[in-house]
Amino acid sequence: MRIRTIQMIVFLLAILLSGKVTAQIYSDDATKLFNPLTDDITKRLPNIRVLIDSAVANSPSVRYEELKADYYYYEQLTQQRYWMEHFSFNLDWNWGVWNFHDTQTSSLASPFRIDLNSLRDNFAIGFYIRFPLATIVDRRNRINKQKKWQELSFVQREINRQFVVQQTIEAYDMMIQWQNYIRIYNDYQRFTEIQMAMAQNQFLNGEISTAEYTRLKEIQTRGAIEYQQAIAEFSKNYRILEILTGINFNLINVLR
């Protein structure tokens with residue numbers, strides 16, 4: 001009888017402390033609180049279509065392929081304008097002082113030296129055209145190759161987009177599924193707690209054996225573990241959805 005009284009006191013203290021902590025949380029910001037046991041997560045988050053659009057817009061892989069497509073478009077412009085590299089226009093101008101030192105000899109006279117100092121400048125304009133045959137013949141093929149690179153990037157972007165959509169839907173559905181599991185395991189845990197309380201009284205009164213008491217305790221422990229796993233999986237998919245969409249849902253899970 002004394003043992004049961006102590007257990008009852010501990011149980012009541014646990015309830016009071018839990019209520020105090022919960023009240024403190026609610027007093028902080030009640031609008032951010034979310035209880036998977038009583039609230040519907042689908043009503044606290046944006047519509048699934050909004051989440052998908054945000055995830056696609058926030059996806060680095062989709063953005064990467066868009067940038068690649070832009071790069072190949074500029075490469076296409078380069079190929080279209082490549083023929084201009086075979087036209088050249090030159091403009092040269094030189095100015096300076098030239099010193100000449102010459103020594104001349106002949107069989108009729110003795111050698112003599114000539115020193116000249118010249119100030120000169122010159123100006124030249126030139127223009128030429130040089131067209132390799134490959135530039136003319138292969139021009140259209142080079143342009144089409146760059147267009148195909150763009151098409152490949154667009155296709156890869158769509159593949160990446162569909163993958164992001166799939167990830168978002170899976171995380172969203174798994175989050176809902178694990179919320180349902182939380183409710184199921186919570187009911188199961190309450191049932192096992194009642195069952196365990198009855199078994200404890202029966203064990204103390206000698207109505208059940210130690211083996212039976214141990215079996216019931218294992219059932220209760222397994223239910224508690226599954227309940228905590230469901231909470232953890234729900235929170236994990238919730239965070240995955242935040243990362244994929246780039247949106248901070250700003251909800252506080254009171255069961256964590």
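Everything below is about the structure printed above this text.
Residues numbered from 1 in each chain as written. Predicted model: local features only at pLDDT ≥ 70, side-chain atom pairs only at ≥ 80, totals over all residues. Heavy atoms only, no water.

Draft legend 1. The arrangement of the overall build of the protein in detail. Regarding its fold elements, the protein presents six helices and four strands. If you list the helices and strands of the protein from N to C, you get α-β-α-α-β-β-α-α-α-β. Within the protein, the fraction of its 256 residues that count as buried is 24%. Of the contacts formed within the protein by residues at least 6 apart in sequence, a portion of 74% connects residues at least 24 apart. (Helix = DSSP H or I, 4+ residues; strand = E, 2+ residues; numbered from the N terminus. Buried < 20%, exposed > 50% of the residue type's maximum accessible area, 1.4 Å probe, protein only. Contact = heavy atoms within 4.5 Å.)

Draft legend 2. Main features of the nonpolar core. Grouped together as the largest cluster of nonpolar side chains are 24 residues, with contacts concentrated most on I41, L45, M175, F234, Y238 and L241. Elements supplying a minimum of two residues to this core: α2 (48-58), α5 (139-204) and α6 (210-245). Setting aside its immediate chain neighbours within four residues, L241 contacts L45, L51, T168, A171, Y172, M175 and F249. Residues M196, I208, L216 and I219 belong to the second largest nonpolar core, which totals five residues. (Core = buried A, V, L, I, M, F, W, Y, C linked by side-chain atoms within 4.5 Å.)

Draft legend 3. Here's a closer look at helix α3 (residues 60-80). Taking 1.5 Å of rise per residue, the 21 residues of α3 would be expected to cover 30 Å, and the 30 Å separating its terminal C-alpha atoms lies within 8% of that figure. All of the buried residues along α3 are V62, E65, A69, Y72, Q76, L77 and Q79. Buried residues of α3, viewed axially, fall in a sector of 160°; they line one side. Structural note: α3 exposes P60 and Y74 on the side pointing more than 90 degrees away from its buried face. Close packing links the buried residues of α3 with α2 and α5. (Expected span 1.5 Å × (residues − 1). Arc of directions from axis to C-beta.)

Draft legend 4. Up close: the packing of α3 against α5. It is at 8 Å that the axes of α3 and α5 come closest, and there the two elements cross at 170°. The orientation of α3 relative to α5 falls into the category roughly antiparallel. Residue composition of the contact of α3 with α5, grouped by class: eight nonpolar, nine polar and nine charged. (Axes fitted to C-alpha atoms, helices over the stretch in contact; angles between N-to-C directions. Parallel < 35°, antiparallel > 145°, perpendicular 65-115°, else oblique. Nonpolar A, V, L, I, M, F, W, Y, C, P; charged D, E, K, R; others polar.)

Draft legend 5. The pattern of salt bridges, seen in detail. By the definition in use, this model includes nine salt bridges. For D53, the salt bridge goes to R49, with nearest N and O atoms at 3.9 Å. You can see D53 and its partner R49 sitting in helix α2, four residues apart, about one turn around the helix. Judged by relative accessible area, D53 falls into the partly exposed class, the value being 44%. For E233, the salt bridge goes to K236, with nearest N and O atoms at 3.1 Å. Within this pair, E233 and its partner K236 are both found in helix α6, separated by three residues, close to a single helical turn. Classification of E233 by relative accessible area gives partly exposed; the value is 25%. Look at K236 and you get partly exposed, because its relative accessible area is 38%. (Salt bridge = Lys/Arg side-chain N within 4 Å of Asp/Glu carboxyl O.)

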